[in-house]
Amino acid sequence: METSPHVLVVDDSADIREPLARYLTRKGLRITTAAGGQEMRRLLKAGAFDLVVLDIMMPGEDGLSLTRMLRETTALPVILLTALVDEADRVVGLELGADDYVTKPFSPRELLARIRAVLRRSRGPAPHHDAPAPARSYRFDRWVLDTVRRELVGADGIAVPLSTAEFRMLSVFVQRPRMVLSRDQLLDLTAGRALEPFERSIDNQVSRLRKKIEADPKAPAIIKTVWGGGYVMAVDVGADGAA
């Protein structure tokens, strides 16, 4: 039975796509390639993948619109390949739900390390002695976090897309309501102390999560900052069923 991670590499440049596929295959990953969005959609329907490596700058349907589509329809981790040098442009991709990015020109070795790190996080952290058994869903404030569908649903019944990193972070908080968690604890619980690229900054992750769940992100009432301590889920949480 094939157990190695299956990665879909989407890049319109064969000069990047094909050598990268050969390198990642030699490193033990199963690689499928696509030259653009249309081919990517076809492959997603035909097979199962563990992660998507997606170029931003492609003709036709670009990587940002494809990232939005992936977040709306799947829970697949996404790593963006970008030639954009402006930080604001990269942040757009992360806010759309990408889990990481690598700037072109890049080292295949660096990309491999980031793929492995994202896969570790998407599979969940190692067990901790204080980690409660996960529930099927968690109710807090006006939200329900469905851990099976990996969806955050509001009181209006509309699902709010979460990146893999945001889902992991919110899961940690709802499993430990009223517990102050330091940044080091949050790193251990959400990332397993993998690499430290932009989006894995705990403060940035919390800030993006607040924008999705708080009525006023500038005056948060759900995830509060504990000065000198870290963060705390400051509302009651109800758990339903076993996951």
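Remember, predicted model here, so these are calculated numbers, not experimental data.

Draft legend 1. Representation of the sheet that holds strand 12 (residues 230-233) in the model. Pairing is antiparallel in the open sheet, where 3 strands are placed in the order 10-12-11. Here the strands that pair on one side only, and so sit at the sheet edges, are strand 10 (180-181) and strand 11 (223-226). Judged from the 4 bridges that link them, strand 11 and strand 12 form a sheet pairing that is antiparallel. In the sheet register, I223 faces strand 12, and the bridge partner there is M233. With respect to the sheet, helix 6 (residues 164-174) is in contact with strand 10, strand 11 and strand 12, its orientation differing from that of strand 12 by roughly 70°.

Draft legend 2. Layout of the nonpolar core. Membership of the largest hydrophobic core comes to 25 residues, with the highest contact counts inside it found for F140, L170 and F173. Of all the elements in the fold, those that place two or more residues in this core are strand 6 (135-140), strand 7 (143-146), helix 6, helix 7 (183-191), helix 8 (202-213) and strand 12. It is helix 6 that contributes the most residues to this core, 6 residues altogether. Every residue in contact with F140, bar those within four places of it in the chain, is listed here: L145, L152, L170, V174, I213, I222, M233, V235, D236 and V237.

Draft legend 3. Expanded view of the side chain of R210. Relative to the elements of secondary structure, R210 occurs in helix 8. No salt bridge is formed by the buried R210. Its closest oppositely charged neighbour is E214, at 4.7 Å.

Draft legend 4. Layout of the environment of L44. The residue L44 is located in helix 2 (residues 37-46) in this model. The class for L44 is partly exposed, based on a relative accessible area of 21%. Sequence separation of L44 and T74 is 30 residues, and the distance between their C-alpha atoms is 9.8 Å. Residues in contact with L44, not counting those within four places in the same chain, are L8, F49, M69, L70 and L76.

Draft legend 5. Quick look at the environment of G228. Within the secondary structure, G228 sits in the loop between strand 11 and strand 12. In this structure G228 comes out as exposed when scored by relative accessible area, which is 89%. Between the C-alpha atom of G228 and that of R183, which follows or precedes it by 45 residues, the distance is 10.0 Å.

Draft legend 6. Quick look at the pattern of salt bridges. Using the criterion set out here, one finds 10 salt bridges in the structure. With a closest N to O distance of 3.2 Å, D11 and K104 form a salt bridge. With D11 in the loop between strand 1 (6-10) and helix 1 (14-26) and K104 in the loop between strand 5 (100-103) and helix 5 (108-122), this pair connects stretches of sequence that are 93 residues apart. On the basis of relative accessibility, which here comes to 1%, the residue D11 falls in the buried class. Its salt-bridge partner being R114, residue E110 comes within 2.9 Å of it at the nearest N-O pair. Highlighted residues: E110 and R114, both in helix 5, separated by 4 residues, approximately one helical turn. A cluster of three or more residues bridged by salt bridges with shared partners is formed by D11, D55 and K104.

What counts and how
Just so you know, the residues in each chain are numbered from 1, in the order the chain's sequence is written. The predicted nature of this model means local features are confined to residues of pLDDT at least 70 and side-chain atom pairs, given and counted, to a pLDDT of 80 or more, with totals for whole chains, interfaces and linings taken over all residues. For side-chain calculations, the full set of non-hydrogen atoms in the structure is used, while hydrogens and water are omitted. For two strands to be treated as a pair, DSSP must find no fewer than two bridges joining them. Secondary structure elements follow DSSP: runs of H or I no shorter than four residues count as helices, runs of E no shorter than two count as strands, and numbering proceeds from the N terminus. Residues count as neighbours in contact if any of their non-hydrogen atoms are within 4.5 Å of one another. Throughout, an axis means a line fitted to C-alpha atoms (over the contacting stretch in the case of helices), and angles, computed between N-to-C directions, take values from 0 to 180 degrees. As used in this record, nonpolar core signifies buried Ala, Val, Leu, Ile, Met, Phe, Trp, Tyr and Cys residues forming a set joined through side-chain atoms within 4.5 Å. The buried label goes to any residue with under 20% of its type's maximum accessible area, the exposed label to any with over 50%, and the partly exposed label to all in between, with areas taken from a 1.4 Å probe on protein chains only. Note on charges: Lys and Arg go in the positive column, Asp and Glu in the negative column, and His and the chain ends are not counted at all. Every case where a carboxyl oxygen of Asp or Glu lies within 4 Å of a side-chain nitrogen of Lys or Arg is listed as a salt bridge.

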